[in-house]
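Inside the fold
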Amino acid sequence: MPEKQFHDELRAIADRFVHDVYKATKSFPKDELYGVVSQLRRASLSVILNYIEGYARGSNKSDKNFLRISYASLKESEYLILFSFEEKHLTENNYQILSKQADRIGAMLWGTIQNMP
């Protein structure tokens, strides 16, 4: 896959992920607004924001650092999604959707990181 197409796809999937996280967390209990909801939203936003910032800088060293931060935020998001599902804040369907998106984003980010000098 050409590089631009790959990055466009990764950005689109990460964008859909953050929107789906926001949508799913709207139904969480109000007492989680400043806990899990806030943390999950911030972590999911961090995935795409760090990806965009790193890619925009155009320096392999800088880009790789931002991609690592993006990947770490994704891992944080994945745990919070699992935690939220186990606490019955997420439906099975939302859990499956978010988990599949996270898996795809993770594979793309990690592959990119591994292939950088």
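Quick look at the pattern of salt bridges now. This model, assessed by the stated rule, comprises five salt bridges. Here K4 ties to D8 by a salt bridge, and the two come within 2.9 Å at their closest N and O atoms. Of the two residues, K4 and D8 both sit in helix 1 (residues 3-25), four residues apart, roughly one turn of that helix. D8 sits in the partly exposed class, given a relative accessible area of 41%.

Of all hydrophobic cores here, the largest spans 26 residues; its most connected members are F17, L74, I81, L98, I105 and L109. Within the residue set of this core, elements represented by two or more residues are helix 1, helix 2 (33-57), helix 3 (60-86) and helix 4 (92-114). Element by element, the count of residues in this core is highest for helix 4, at seven residues. Excluding residues within four positions of it along the chain, L98 makes contact with F17, D20, V21, A24, I81 and L90.

Where helix 3 meets helix 4, the axes come as close as 10 Å, and the angle between the chain directions of the two elements is 160°. Our classification of the angle between helix 3 and helix 4 gives roughly antiparallel. In terms of crossing hand, the pair formed by helix 3 and helix 4 is left-handed. Taking contact as the criterion, the partners of K64, L67, R68, S70, Y71, L74, E78, I81, L82 and F85 in helix 3 are, on helix 4, E92, Y95, L98, S99, A102, D103, I105, G106, L109, W110, T112 and I113. Its residues assigned to classes, the contact of helix 3 with helix 4 shows 13 nonpolar, four polar and five charged.

Here the focus is the layout of surface pockets. Considered as a void within the structure, the largest pocket measures approximately 190 Å³ in volume. Lining the largest pocket are 11 residues, with E3, H7, D63, T112 and M116 sitting closest to its centre. Residue assignment for the lining of the largest pocket shows that the elements contributing at least two residues are helix 1 and helix 3. For the lining of the largest pocket, the element with the most residues is helix 1, which contributes three residues. Taken together, the residues of the lining of the largest pocket sort by class into three nonpolar, six polar and two charged.

So, how was this worked out
- Residues numbered from 1 in each chain as written.
- Predicted model: local features only at pLDDT ≥ 70, side-chain atom pairs only at ≥ 80, totals over all residues.
- Heavy atoms only, no water.
- Salt bridge = Lys/Arg side-chain N within 4 Å of Asp/Glu carboxyl O.
- Helix = DSSP H or I, 4+ residues; strand = E, 2+ residues; numbered from the N terminus.
- Buried < 20%, exposed > 50% of the residue type's maximum accessible area, 1.4 Å probe, protein only.
- Core = buried A, V, L, I, M, F, W, Y, C linked by side-chain atoms within 4.5 Å.
- Contact = heavy atoms within 4.5 Å.
- Axes fitted to C-alpha atoms, helices over the stretch in contact; angles between N-to-C directions.
- Parallel < 35°, antiparallel > 145°, perpendicular 65-115°, else oblique.
- Left-handed = near helix turned anticlockwise from the far one by under 90°.
- Nonpolar A, V, L, I, M, F, W, Y, C, P; charged D, E, K, R; others polar.
- 1 Å grid on protein atoms, 1.4 Å probe; cavity = no way out; pocket = protein on both sides within 12 Å on 5 of 7 lines; lining within 4 Å.
- Points joined across faces, edges and corners; volume = space filled by probe spheres on them.

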